[in-house]
Amino acid sequence: MSCTVPDPLSTDIAVIGGGIIGLGIALEAQRADHRVTLIDPDPATGATYAAAGMLAPVSELHYQEEDLLSLTLASAARWPAFAGNLAAETGLDTGFRTTPTLALGADAADRAALGDLREAQTRQGLQVTRLTTREARVREPLLSPRITAAHLIEQDHQVDPRALANAIMTRLAAVGAERDGVKPEQTLVRTRATTLLHEDPADSRSRVTGVLLADGTQIHARETILANGLGAAGFGSLPDSLVLPLRPVHGDILRLRVPEHLRPLTTVTLRGMVRGLPVYVVPREDHTVVIGATAREDGNPGVSAGGVHQLLRDAQVLLPAVAELELIETTARARPGTPDNAPLLGRVASADGPDVPGLLIATGFFRHGVLLTPIAAHVIVELIAGRRDPAWDRFRPDRFSPALQPKEYA
Ligand code: GLY
């Protein structure tokens with residue numbers, strides 16, 4: 001039996017992974033006039049499919065993650081143009097909305113925790129306005145009379161990640177066909193990528209020249225971007241000594257429909273602390289809300305009954321009317337976590353010093369994938385153009401690889 005190897009395809013930029021990060025990078029690379037090929041058997045069905053789409057640098061500030069704040073703020077600043085241009089280019093709504101956020105406390109300890117967080121936020125120069133619980137309930141009449149604290153954060157917004165992914169895929173295929181003369185199935189290749197291709201196949205530190213797909217196709221590219229979330233860690237032919245310490249942090253998340261007599265359930269995104277546990281309620285214009293999300297490291301990829309119970313219980317503490325909503329979807333997906341909760345973003349040093357040419361990495365976005373999409377795409381496209389901003393060196397993907405510490409990254 002003869003076995004035919006498919007002809008190689010060639011492109012400027014190969015992006016491995018069609019989650020929101022890979023899609024965002026592909027979009028920005030295409031906008032920068034590169035011919036782009038994105039490879040994923042099922043784009044936008046992983047963490048992107050689950051994500052609520054909060055763009056929340058202020059309310060997502062966690063203690064000891066101040067380094068990350070500069071990146072999340074830089075990305076938040078890029079969101080209006082990123083989403084606005086995409087809407088103008090495609091005529092599609094991405095669900096980008098400047099809905100503000102209300103942080104709420106349920107009991108006295110939650111109130112104290114929220115107060116501590118507000119101190120940390122204001123120390124960083126972030127704007128958080130304390131409201132009385134009465135003021136909060138005038139604004140959002142369905143809030144429970146029992147909430148103990150309310151802080152208004154005007155600058156934390158939202159987008160709909162499913163709508164966004166759909167708009168990006170539409171745009172990639174259209175520009176690929178019209179401008180670059182590439183068939184849609186060769187711009188979005190729905191196959192699994194397995195292994196990096198190297199100039200010297202015996203040397204994983206040599207220039208990356210593209211990627212091998214599971215069906216034997218080779219895609220040759222000037223630059224290859226590994227943006228496949230948790231899949232990056234075990235990818236074939238990674239540079240020698242590179243350690244990508246990714247771990248799955250599963251989240252359960254719910255979608256519910258608000259019956260007519262309860263609309264609007266809330267006009268702002270609610271982020272509650274309920275007996276020490278976080279819960280959020282994100283309103284959409286189609287009269288649904290997204291309630292999330294647990295953070296489990298139990299390795300269970302299915303929806304957790306305990307997780308669903310916890311989310312509904314805690315959301316009802318903030319908004320008793322949640323009990324009257326129609327539960328239309330439960331989803332669980334894994335976020336790609338890293339030891340410092342910050343992404344692995346940029347080029348990779350080789351064991352003998354210089355960066356491995358032709359390879360960029362963008363993974364490990366943990367809770368911040370949607371928020372960080374515009375800045376991740378910008379950083380990668382700048383690096384492709386040979387422009388490196390030292391401010392982002394602290395997120396280099398080789399920072400957990402002791403054998404690969406480049407000199408300028410002490
Ligand atoms: N970004 C919110 C979450 O991961 O639940």
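This one's a predicted model, so the numbers in the text were calculated from it and none came from an experiment. (Residues numbered from 1 in each chain as written. Predicted model: local features only at pLDDT ≥ 70, side-chain atom pairs only at ≥ 80, totals over all residues. Heavy atoms only, no water.)

K.L.:
Help me understand the overall build of the protein in this model?
P.N.:
Scanning the protein from N- to C-terminus turns up nine helices and 18 strands. Taken over C-alpha atoms, the radius of gyration comes to 22 Å for the protein, in line with the 22 Å a tight globule of 410 residues would show. C-alpha extents for the protein along the principal axes are approximately 70 × 45 × 40 Å. Taken over 410 residues, the protein has a buried fraction of 54%. Once local pairs closer than 6 in sequence are excluded, the contacts in the protein between residues at least 24 apart make up 75%. Carbon and sulfur atoms provide 51% of the accessible area of the protein, an area that totals close to 17,000 Å². Of the side chains in the protein, 40 bear a positive and 48 a negative charge, and the two mean positions are spaced by 4 Å. (Helix = DSSP H or I, 4+ residues; strand = E, 2+ residues; numbered from the N terminus. Rg over C-alpha atoms; globule rule 2.2 N^0.38 Å. Buried < 20%, exposed > 50% of the residue type's maximum accessible area, 1.4 Å probe, protein only. Contact = heavy atoms within 4.5 Å. Areas by Shrake-Rupley, 256 points an atom, 1.4 Å probe, with all protein chains shown as cover. Lys, Arg positive; Asp, Glu negative; His and termini not counted. Charge placed at Lys NZ, Arg CZ, Asp CG, Glu CD.)

K.L.:
Hey, could you run me through the environment of A109 in this one?
P.N.:
Take A109: it is sitting in helix α4 (residues 108-123). Put simply, A109 and V274 are 165 residues apart on the chain and 9.1 Å apart in space, counted from C-alpha to C-alpha.

K.L.:
I'm lost on helix α3 (residues 66-90) in this one. Help?
P.N.:
Think of an α-helix as 3.6 residues a turn; residues three or four steps apart then line up on the same face. A rise of 1.5 Å per residue sets the reference length of α3, with its 25 residues, at 36 Å; its end C-alpha atoms lie 36 Å apart and thus fit the reference within 8%. In α3, a bend of some 40° at R78 exceeds every other bend along the element, and P80, a proline, comes one to four places later. Listed as buried for α3 are L68, L69, L71, T72, S75, W79, F82, A83 and L86. For α3, the secondary structure elements touched by its buried residues are α1 (20-31), β3 (54-55), α6 (161-178) and α9 (369-384). (Expected span 1.5 Å × (residues − 1). Bend = angle between axes of the 7 residues up to and from the residue.)

K.L.:
How should the site of the ligand be read in this particular structure?
P.N.:
Around the ligand lies a shell formed by M54, E60, Y280, A293, R335 and R367. One nitrogen or oxygen atom from the side chain of Y280 is found 2.7 Å from an oxygen atom belonging to the ligand. Within the contact set of the ligand, a nitrogen atom lies 2.7 Å away from a backbone nitrogen or oxygen of R367. Surface burial for the ligand is 84%, taken as the share of its 200 Å² of free accessible area covered by protein chains. Among the residues forming the shell around the ligand, the class breakdown is three nonpolar, no polar and three charged. (Near = heavy atom within 4 Å. Polar contact = N/O pair within 3.5 Å; in protein donor to acceptor, adjacent residues only side chain to side chain. Nonpolar A, V, L, I, M, F, W, Y, C, P; charged D, E, K, R; others polar.)

K.L.:
I keep staring at the pattern of salt bridges and nothing clicks. Help me out?
P.N.:
Side chains that differ in sign of charge can pair as their charged atoms come close. Counted under the stated rule, the structure contains 24 salt bridges. Note that R97 and D93 form a salt bridge whose closest N and O atoms lie 2.8 Å from each other. We note a salt bridge from R313 to D314, for which the minimum N-O separation is 2.9 Å. For R313, a relative accessible area of 34% puts it in the partly exposed group. (Salt bridge = Lys/Arg side-chain N within 4 Å of Asp/Glu carboxyl O.)

K.L.:
I tried to follow empty space enclosed by the protein on my own but got confused; where do I start?
P.N.:
What the rule picks out here adds up to one cavity of 30 Å³ or more. One number sums up the size of the largest cavity: a volume of about 60 Å³. For the lining of the largest cavity, a count of residues per class yields five nonpolar, three polar and two charged. (1 Å grid on protein atoms, 1.4 Å probe; cavity = no way out; pocket = protein on both sides within 12 Å on 5 of 7 lines; lining within 4 Å. Points joined across faces, edges and corners; volume = space filled by probe spheres on them.)

K.L.:
Is there a simple way to think about the layout of surface pockets in this case?
P.N.:
Remark: the empty space left among the atoms is shown by a probe the size of a water molecule rolled over them. The space that makes up the second largest pocket amounts to roughly 600 Å³. In this structure, the second largest pocket is lined by 30 residues; those nearest its centre are S59, H62, R271, M273 and P278. Listing elements by their share of the lining of the second largest pocket, those giving two or more residues are α4, β6 (149-153), β12 (247-257), β13 (269-274) and β14 (277-283). Examining the composition of the lining of the second largest pocket, we find that four residues originate from one element, α4, more than from any other. When the residues that make up the lining of the second largest pocket are grouped by side-chain class, the tally is 16 nonpolar, eight polar and six charged.

K.L.:
I'm lost on the sheet that holds strand β4 (residues 101-105) in this one. Help?
P.N.:
What links the strands of a sheet is backbone hydrogen bonding, and the strands pair in either a parallel or an antiparallel sense. What the eight strands build is an open sheet, ordered β5-β6-β4-β13-β14-β15-β12-β16; its pairing is mixed. Two strands close off the open sheet at either side, each with one partner strand: β5 (129-131) and β16 (326-337). Put simply, the sheet's adjacent strands are angled 20° from each other on average, direction ignored. Here β12 runs beside β16; their pairing, made up of 11 bridges, is antiparallel. Each bridged residue has a counterpart across the sheet, and for P248 the counterpart in β16 is P336. Against the sheet, α4 contacts β4, β5, β6 and β13, and its axis sits at roughly 30° relative to β6. (Pairing = 2+ DSSP bridges. Axes fitted to C-alpha atoms, helices over the stretch in contact; angles between N-to-C directions.)

K.L.:
Please clarify how the environment of G46 should be interpreted in this entry.
P.N.:
Take G46: it is sitting in the loop between β2 (36-39) and α2 (47-50). Here G46 falls in the partly exposed class, since its relative accessible area comes to 32%. In this structure the C-alpha to C-alpha distance between G46 and G19, which are 27 residues apart in sequence, comes to 6.7 Å.

K.L.:
Just to check I follow, could you spell out the packing of aromatic side chains for this structure?
P.N.:
A ring pair, where both rings are aromatic, is described by two values, the distance of the centres and the angle of the planes. Evaluation of the coordinates by the stated rule reveals three aromatic pairs. Both rings, one in W79 and one in F96, keep their centres 6.2 Å apart while their planes meet at 5°; by these two values the pair is stacked. You can see W79 sitting in helix α3 and its partner F96 sitting in the loop between α3 and β4, a full 17 residues away along the chain. Here W79 falls in the buried class, since its relative accessible area comes to 1%. You can call F96 buried: its relative accessible area is 18%. The positively charged end of R31 is found above the aromatic ring belonging to F82, 5.6 Å away from the centroid. The aromatic ring of Y49 is capped on one face by R162, whose charged end is 3.6 Å from the ring centroid. (Phe/Tyr/Trp six-rings, centres within 6.5 Å; stacked < 30°, edge-to-face > 60°. Lys NZ or Arg CZ within 6 Å of the ring centre and 35° of its normal.)

K.L.:
Could you clarify how one ought to interpret the packing of α3 against α9 in this entry?
P.N.:
The relative placement of two packed helices is expressed as an angle between their axes plus a distance between the axes. With their axes 7 Å apart at the nearest point, α3 and α9 run at an angle of 90° to one another. By the angle between their axes, α3 is roughly perpendicular relative to α9. In this structure, α3 uses L71, T72, A74, S75, A76, R78, W79 and F82 to contact α9, whose residues at the interface are V370, L371, L372, T373, P374, I375 and H378. A class-by-class count of the residues in the contact of α3 with α9 yields 10 nonpolar, four polar and one charged. (Parallel < 35°, antiparallel > 145°, perpendicular 65-115°, else oblique.)

All quantities given are derived from atomic positions and should not be read as evidence of function.
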